[in-house]
Amino acid sequence: MNIKRGLLYVAPFFYWRIIVSDTINNIKLVAGEPADIYALSSITVGTQIIVQNIGACDVSLLTQAITPTRTDFNDANQILPRGEYAANDFGDSGAWAYCNNAGGLINVRVF
């Protein structure tokens, strides 16, 4: 998942409501376990999504089709700090989130 920062991605929440079509229930991350964002949010794989870290710890993000390992997340080095947003690309084969600690929580929206 490419973290895209700029005016579009750091706009206040009210602006997000204009460009975002759907907000899904928050997804609680289990410490040390990869979370399949598409499966947990019931969003069709390949749909472009926006993820916001609303939890207490940084969240690692990765796009790939198969369940990633801890090493995959280390190599990907896509860290989403608390309060930040990230968007993936349309057509990505999978979207995964990972948090080392308890307190990982993300909000997912269809872009």
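A quick note: this is a predicted structure, and the numbers were derived from the prediction, not measured.

A. Spatial organisation of the packing of aromatic side chains. Under the criterion given, the structure shown has one aromatic pair. Where F73 meets Y98, the ring centres are 5.0 Å apart and the plane angle is 25°; that geometry is what we call stacked. Of this pair, F73 sits in helix α3 (residues 70-76) while Y98 sits in strand β8 (residues 96-98), placing them 25 residues apart in sequence. The same class applies to F73 and to Y98, which are both buried.

B. Seen up close, unusual backbone geometry. Residues other than glycine seldom take positive phi values, yet S42 does so here, at roughly 60°. Tracing the chain through its elements places S42 in the loop between α2 (37-41) and β4 (49-53).

C. Representation of the nonpolar core. Grouped together as the largest cluster of nonpolar side chains are 19 residues, with contacts concentrated most on L29, I37, I49, V51, L61, I106 and V108. Those elements that place two or more of their residues in this core are β2 (27-29), α2, β4, β5 (59-62) and β9 (104-110). A total of three residues in this core trace back to one element, the largest contributor, which is β9.

D. Quick look at the environment of L62. Assignment of secondary structure puts L62 in strand β5. Note: C-alpha distance between L62 and W96 (34 residues apart in sequence) is 5.1 Å.

E. Looking closely at the side chain of N88. Within the element layout of this structure, N88 appears in the loop between β7 (85-87) and β8. N88 sits in the buried class, given a relative accessible area of 0%. Side chain to side chain, N88 and Y38 meet in a polar contact 2.9 Å long.

F. Structural view of the side chain of Q52. Note that Q52 resides in strand β4. Apart from the residues within four sequence positions on either side, Q52 is in contact with L80, G83, E84, Y85, L105, I106, N107 and R109.

G. Molecular detail of the environment of I24. Residue position: I24 is located in the loop between β1 (22-23) and β2. Taking the C-alpha atoms as reference, I24 lies 6.4 Å from S41; in sequence the two are 17 residues apart. Residues contacting I24, with those up to four places away along its chain left out, are S41, I43, N107 and V108.

H. Inspection of the sheet that holds β5 at higher detail. Judged by pairing direction, the sheet is antiparallel, and its four strands sit side by side in the order β3-β8-β5-β6 without closing on themselves. With one partner strand each, in any of the chains shown, β3 (35-36) and β6 (79-80) form the two edges of the open sheet. Note that β5 and β8 share three bridges and pair antiparallel. In the strand pairing of β8, L62 is matched with W96.

Definitions and cut-offs
- Residue indices begin from 1 for each chain and proceed along its sequence in written order.
- Given that the model is predicted, a residue must reach a pLDDT of at least 70 before its local features are reported, and side-chain atom pairs must reach 80 or more before they are shown or counted; all residues, however, enter totals for whole chains, interfaces and linings.
- Excluding hydrogens and water, the side-chain values take into account all heavy atoms of the structure.
- Whether two aromatic rings pair depends on their centres lying within 6.5 Å, for rings of Phe, Tyr and Trp, where Trp uses its six-membered ring; planes under 30 degrees apart make the pair stacked, over 60 edge-to-face, and the rest tilted.
- Segments assigned H or I by DSSP are reported as helices when at least four residues long, segments assigned E as strands when at least two residues long, and all are numbered from the N terminus.
- Whether a residue is buried, partly exposed or exposed follows from its accessible area with a 1.4 Å probe, protein chains only, as a fraction of its type maximum: under 20%, in between, or over 50%, in that order.
- Take the buried Ala, Val, Leu, Ile, Met, Phe, Trp, Tyr and Cys residues and link them wherever side-chain atoms come within 4.5 Å; each set so joined is a nonpolar core.
- Definition of a polar contact: a pair of N or O atoms within 3.5 Å, with one able to donate and the other able to accept a hydrogen when the atoms are protein atoms, and with sequence-neighbouring residues admitted only if both atoms are side-chain atoms.
- When checking whether two residues touch, look at their non-hydrogen atoms; a contact exists if any pair is within 4.5 Å.
- The pairing criterion for strands is at least two bridges between them, as found by DSSP.

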